[in-house]
Amino acid sequence: MTFKKGLAANFISPQELVRAARQVHKSGIKKFDVFTPYPIHGLDEAMDVKSSHIPWFSLIFGLLGAGAGLYFQWWTSVADWKLNIGGKPHFSLPAFIPVTFELGILFSAFASFIALFYFCKLPKYESIFEKDTHALKATDDQFMIFVESSDPEFNENHLRDVFNKHQAEHIRWVGDSSHD
Amino acid sequence: MSVHVETLERPELVLGIKDRKTITEIVAKPLDRIPSKSWFLLFTLTASLMTLGFMCIGWTFYKGIGVWGNNNPVGWAFDITNFVFWIGIGHAGTLISAILFLFRQRWRTAINRAAEAMTIFAVMCAGIFPLIHVGRPWLAYWLFPLPNEMKIWVNFRSPLLWDVFAVSTYFIVSLLFWYMGLIPDLATLRDRTTNPIKKVAYSILSLGWRSSQRCWKHYETTYLIFAAISTPLVLSVHSIVSFDFATSIIPGWHTTIFPPYFVAGAIFGGFAMVLLLLVITRKQFQLENLITMTHLENMNKVLLTAGMLVGYAYAVEFFTAWYSANDYELFAFKNRAFGPYAWAYWTMVFCNVMSPQLFWFKRFRTSIPVMLIVAILVTIGMWFERFVIIVTSLHRDYLPSSWDMYYPTVFDFGIFIGSLGLFFTLYLLFVRVLPAVSMSEIKGVMKGAHPRGEVDDV
């Protein structure tokens, strides 16, 4: 999700953060996110974040890698250039298992890693948060909720109420705006 | 009827630190200041040893591997011993980061970063040895299945080729796993630094990570996937290394116990090295509240268990040799224990089987000097284990007419010492430029990190 402009609030306590995030989600807002220095358990349920699809990439590419590895060993040993090595069969399946396995793991790892980049939209070259000193605390010791103002359900007064009720600090506008 | 329930308290993983900011400060402190005198002293020493090793390698390239002590029956000696030694050490990192993660051992969070870094450096050291062992390293690319002018493909039935795939896969996957773990911490460093050069460096390395919950969800899933694929990977790599021996017909090598035996040995040797590095790192960088005595004690327990597994394997090897009623096999083991290299065998038994027995006692498990001594002994013992397996089996196999002794030369020692120098130099650089403890993971295991009552605290 790329953010342009919106309302942000910092939190100190994880309890209050989860409650506030749940409130924001319940009010029907879709374009919002929570920034935390470490993954907080239960926050994904409060925000209703769906499970990641990355395991599918790992599985499919793992199988592809293993298949490609086995095919390549068959192709070099049986199809392209047959060599009799110690009287062993050209297609020595048991001996081909280690390389098949390793290539499955290798492809799976690459696929998972690249999928992570894809889903998290990394690398990110710019962000509205890099100039906001309070937003920088979200990688250190504080938590931050950010709500994009272009969301159809965005209601500044309601959000300020929610944030204040849960002991938020530094409720402010972030992004390219003339607001405070 | 009332039931009295006693529960075991979980030990605290972070001592005396109440807020997350302090964690960041403690971990980032060594990265902000000029290195201490002792660091420079150590660095000078290790870099000199590394240079010595590279000089010996240079001389080997110039003259050929005849400058080593390898001879006709003992074609594998220090080079392969060192290869297996370093690969084994490299296994502890992935064990800690992947297997302990899957078992939900939360104490791993304080030690996994350093252990993973150590893995990568150890695999780099290991990689040198097969390359120089091939004799003409400029042709080492022949190990890969590349189309070439001779039109012949590599032999996929050879365990040496499996090794090429296993070790390179292991290196790549470990590196990705390690880098992935670093991204959130690099973002933390980026957001706190005031130094413009560091800001640019950390910004590039952290890839614009903003610690958003939607990304954390993907991140944690990927982390779990990496742990799940690294676990069979780490077991397979050392199994495949053991196939280098087990698929041959040399007495003492041709045994089915080799894969589990090698894996247990790798865990053992690797944990000893992690322990050694962490005891020193935690002292130097005042990380006692993050890497607590509980962590060290747990590692000592792993060391004790792995030591017993290795001891069991030594015993079973002897039993099998006797039970098989194979004269050659039995001779190989008699020769190991009572032949000309008996001193190496008993050094190995003393270091690997006897010395960790101290850890039955809590007093020794929690004593830093004892830990250091045992870790050093185990490291020595595990090096000798590989030496014993390789040299004693080769130097007297079937025909007495082809028996010979192996004596290492100064270049053998030089290259081995050089690899130690390379390893410690890389580790010293690592603790200066990257956070040695995973900040984001430590913050997640602190008391009160997860909202109690709102969700199930784990």
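Just so you know, these numbers come straight off a predicted model, no measurement behind them.

A. Structural view of the overall build of chain B. The helix and strand tally for chain B stands at 15 helices and zero strands. Computed over C-alpha atoms, the radius of gyration of chain B comes to 24 Å, within 12% of the 23 Å expected from 2.2 N^0.38 for 458 residues, which places it in the range of a compact globule. Along the longest, intermediate and shortest principal axes, the C-alpha atoms of chain B span 75 × 70 × 45 Å. Here chain B, with 458 residues, has 49% of them falling under the buried criterion.

B. Molecular detail of the overall build of chain A. A tally of regular secondary structure across chain A gives six helices and four strands. Put simply, chain A runs from its N terminus to its C terminus through helices and strands in the order β-α-β-α-α-α-α-β-α-β. Relative to the 2.2 N^0.38 estimate, which gives 16 Å for 180 residues, the radius of gyration of chain A is 25 Å and therefore markedly larger than a compact globule would have. C-alpha atoms of chain A, sized along the principal axes, occupy 80 × 30 × 30 Å. When each of the 180 residues of chain A is scored for burial, the buried share is 42%. Relative to all contacts within chain A whose residues are 6 or more apart in sequence, the contacts with residues 24 or more apart total 83%.

C. Layout of the sheet that holds strand β3 (residues 143-148) of chain A. Residue and element names in this part refer to chain A. Spatially, β2-β3-β1-β4 is the arrangement adopted by the four strands of the open sheet, whose pairing is antiparallel. Each edge of the open sheet carries a strand with a single partner, namely β2 (32-35) and β4 (169-175). The sheet shows a mean angle of 20° between the axes of neighbouring strands, direction not considered. Across six bridges, strand β1 (residues 5-11) lies against β3 in antiparallel orientation. Residue pairing for β3: Phe11 is matched across the bridge by Phe143. Strands β1, β2 and β3 of the sheet are contacted by helix α1 (residues 14-26), whose axis makes an angle of about 15° with β3.

D. Quick peek at the interface of chain A and chain B. With 58 residues of chain A in contact, the opposing surface of chain B contributes 55 residues. Elements that contribute at least two residues to the side of chain A that touches chain B include exactly α1, β2, α2 (43-47), α3 (54-80) and α4 (93-119) of chain A. Ranked by residue count, the leading element in the side of chain A that touches chain B is α4(A), at 15 residues. Looking at the side of chain A that touches chain B residue by residue, the classes come out as 35 nonpolar, 14 polar and nine charged.

E. Region of the structure containing the pairing of β3(A). Burial within β3(A) is extensive, with six of its six residues counted as buried. Here β3(A) shows a buried face lined by Phe143(A), Ile145(A) and Val147(A) and a second buried face lined by Met144(A), Phe146(A) and Glu148(A).

F. The arrangement of helix α8 (residues 258-284) of chain B in detail. The end-to-end C-alpha distance of α8(B), which contains 27 residues, comes to 39 Å, matching closely the 39 Å that a straight helix rising 1.5 Å per residue would cover. Immediately downstream of α8(B), the backbone of Gln286(B) shows phi near 50°, a positive value.

G. Highlighting the domain arrangement of chain A. Taken domain by domain, chain A comprises domain 1 (5-52 + 127-175) and domain 2 (54-119). Once you take the C-alpha centre of each, domain 1 of chain A and domain 2 of chain A turn out to be 44 Å apart.

H. Highlighting the packing of helix α3 (residues 78-102) of chain B against helix α13 (residues 368-395) of chain B. Residues and elements named next belong to chain B. Between α3 and α13, the shortest axis-to-axis distance is 9 Å and the interhelical angle comes to 140°. Relative to α13, α3 is oriented oblique. The crossing of α3 and α13 is right-handed. Residues Ile80, Thr81, Val84, Phe85 and Gly88 of α3 touch α13, and the partners they reach there are Met382, Trp383, Arg386, Phe387 and Ile390. Partitioned by chemical class, the residues of the contact of α3 with α13 number seven nonpolar, two polar and one charged.

I. Spatial organisation of the nonpolar core. Counting residues in hydrophobic clusters, the biggest one holds 147 residues, and the most contacted among them are Met118(B), Phe268(B), Phe271(B), Val274(B) and Leu303(B). It is helix α7 (residues 213-246) of chain B that provides the largest number of residues to this core, a total of 16 residues. For Phe268(B), the contacting residues outside a window of four places in its chain are Leu303(B), Ala306(B), Gly307(B), Val310(B), Asn352(B), Val378(B) and Met382(B). Judged by nonpolar contacts, the second largest core, of 32 residues, contains Phe3(A), Phe129(A), Ala138(A) and Val162(A).

J. Looking closely at the confidence of the model for chain B. Residue and element names in this part refer to chain B. Of all residues in chain B, 98% have pLDDT values of 70 or greater, and the mean over the chain is 90. Segment residues 454-458: pLDDT under 50, and eleven contacts once partners within four positions in sequence are set aside and those in other chains are kept. Across the predicted assembly, pTM comes out at 0.92 and ipTM at 0.92.

K. Structural context of α3(B). All names here are of chain B. An ideal rise of 1.5 Å per residue puts 36 Å on 25 residues; α3 measures up with 36 Å between its terminal C-alpha atoms. Considering bend angle alone, the principal kink of α3 is centred on Leu95 and spans about 40°. Across the 25 residues of α3, 23 count as buried, placing the element largely inside the fold. Immediately downstream of α3, the backbone of Arg104 shows phi near 55°, a positive value.

L. Fine view of unusual backbone geometry. A cis amide bond links Leu122(A) to the next residue, Pro123(A), at an omega of -10°. On the secondary structure map, Pro123(A) appears in the loop between α4 and α5 (133-136). Despite not being glycine, His170(A) has its phi angle at roughly 50°, a positive value. Inspection of the secondary structure puts His170(A) in strand β4. Unusually for a residue other than glycine, Leu207(B) sits at a positive phi of about 60°.

What counts and how
Here the residue numbers are simple positions, counted from 1 along each chain's written sequence. By the order in which they are written, chains take letters starting at A while ligands take numbers starting at 1. Local features are withheld for residues below a pLDDT of 70 in this predicted model, meaning they are given only at 70 or higher, and side-chain atom pairs are given and counted only at 80 or more; totals for whole chains, interfaces and linings count all residues. Runs of H or I in DSSP of at least four residues are treated as helices and runs of E of at least two as strands, each being numbered from the N terminus. A radius of gyration in this sense is built from C-alpha atoms; the matching globule rule multiplies 2.2 Å by the number of residues raised to 0.38. The burial criterion counts other C-beta atoms lying within 10 Å of a residue's C-beta, which is placed from the backbone; the residue is buried at 20 or more, exposed at 12 or fewer, and partly exposed between these limits. Contact definition: two residues whose C-beta atoms, as placed from backbone geometry, lie within 7 Å. The criterion for strand pairing is that DSSP finds at least two bridges linking the strands in question. Axes, fitted as lines to C-alpha atoms, cover a helix only where it is in contact. Angles between the N-to-C directions of the axes lie from 0 to 180 degrees. Gly is placed with the polar residues, together with every amino acid not listed as nonpolar (Ala, Val, Leu, Ile, Met, Phe, Trp, Tyr, Cys and Pro) or charged (Asp, Glu, Lys and Arg). The span expected for a helix works out to 1.5 Å for each residue beyond the first. Each domain's extent was defined by an automatic or database domain assignment. Each angle is binned into one of four classes, with values under 35 degrees roughly parallel, values over 145 roughly antiparallel, values of 65 to 115 roughly perpendicular, and all other values oblique. Crossings are assigned a handedness: left-handed for a near helix turned anticlockwise from the far helix by less than a right angle, right-handed for a clockwise turn. Definition of nonpolar core: a set of buried Ala, Val, Leu, Ile, Met, Phe, Trp, Tyr and Cys residues joined via C-beta atoms within 7 Å. In predicted models, pLDDT denotes the confidence assigned by the predictor to each residue on a 0 to 100 scale. One axis fitted to the seven residues ending at a residue, another fitted to the seven starting there: the angle between these axes is the bend at that residue.

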